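# Architecture at a glance
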Amino acid sequence: AGVPPRMVEDRSVDESGVDGIGLWMSQSQNPSDDISCFVQPSQETIDSVDSISQQAGDRLVVLMNPQWRNVDDALDAASKKGGVLGGFASFLGGKGNSLKRLDEMGFKDTLSIEGYVCRGGNIRMVKRFDSDWVVFAENDSATAYIRVGTSKNRPTYQDVDS
C-alpha cells in the first residue's frame with residue numbers, strides 16, 4: 001500500500017503543437033521509482049529524449065510508438081554513413097544520427113508490434129526483447145490471424161512474400 005504516483009504531462013516537447021508528441025512523467029514518493037515516457041517521439045525530439053535521459057540517470061525512460069520507420073529511404077541510408085554527406089543527410093531529415101544517438105543513450109527495443117500489407121493481406125509481426133520475431137498473416141476471411149513463422153531478424157516484405 002502507499003500513495004500512487006502523480007502523473008504529469010508535458011506537451012512542450014511537441015514544438016509544432018500538432019504532432020501528438022508528449023512526455024508523461026510519474027512522480028512517486030520515492031524519486032528512484034519515477035518513470036518518464038515519451039509518446040510518439042520523432043527525430044525532432046531527440047534532444048529532449050537525451051536531456052530527460054541524462055536527468056533520469058538509472059530511472060526508466062520509455063519511447064512509446066516512436067515515429068521513425070524501419071524502412072530506409074535515400075536520406076536515411078546516407079545519414080547512417082557518417083562524414084560530411086551523412087551529416088548533411090541527417091540535417092535534411094535522415095534518421096541515422098537520431099538512431100545513433102538513441103543507441104549511445106542505451107535504448108533497447110523491448111516490444112515491437114509492426115505490420116504491413118503483402119499481396120492484399122495484412123501481416124503483423126511481434127518481437128519481445130527476449131524472443132525472435134513472430135509473424136502472423138490474416139486469414140482469407142479477414143477474421144483472424146494465423147501464426148506463419150518466426151525469424152531471428154526483422155522479416156522484410158520479401159521474406160514474407162516468399
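Structural data are supplied above this passage.
Definitions and cut-offs
- Residues numbered from 1 in each chain as written.
- Predicted model: local features only at pLDDT ≥ 70, side-chain atom pairs only at ≥ 80, totals over all residues.
- Heavy atoms only, no water.
- Pairing = 2+ DSSP bridges.
- Helix = DSSP H or I, 4+ residues; strand = E, 2+ residues; numbered from the N terminus.
- Axes fitted to C-alpha atoms, helices over the stretch in contact; angles between N-to-C directions.
- Buried < 20%, exposed > 50% of the residue type's maximum accessible area, 1.4 Å probe, protein only.

In space, the 4 strands of this open sheet follow the order E1-E2-E3-E4, with mixed pairing throughout. On the outer flanks of this sheet lie strand E1 (6-10) and strand E4 (61-64), each paired with one strand and no other. Along the sheet, successive strands turn relative to each other by an average axial angle of 20°, direction set aside. Examined bridge by bridge, E1 and strand E2 (residues 22-27) share 5 bridges and lie antiparallel to one another. In the sheet register, Met7 faces E2, and the bridge partner there is Ser26.

The next thing to look at is the environment of Gly57. Checked against the element boundaries, Gly57 lands in the loop between helix H1 (46-56) and E4. The exposed category is assigned to Gly57, whose relative accessible area is 52%.

The 4 strands are arranged E5-E6-E7-E8 in an open sheet whose pairing can be described as antiparallel. Bordering the open sheet on either side are strand E5 (111-118) and strand E8 (145-151), each of which pairs with just one other strand. Taken over all neighbouring pairs, the strand axes of this sheet differ in orientation by 25° on average, direction set aside.

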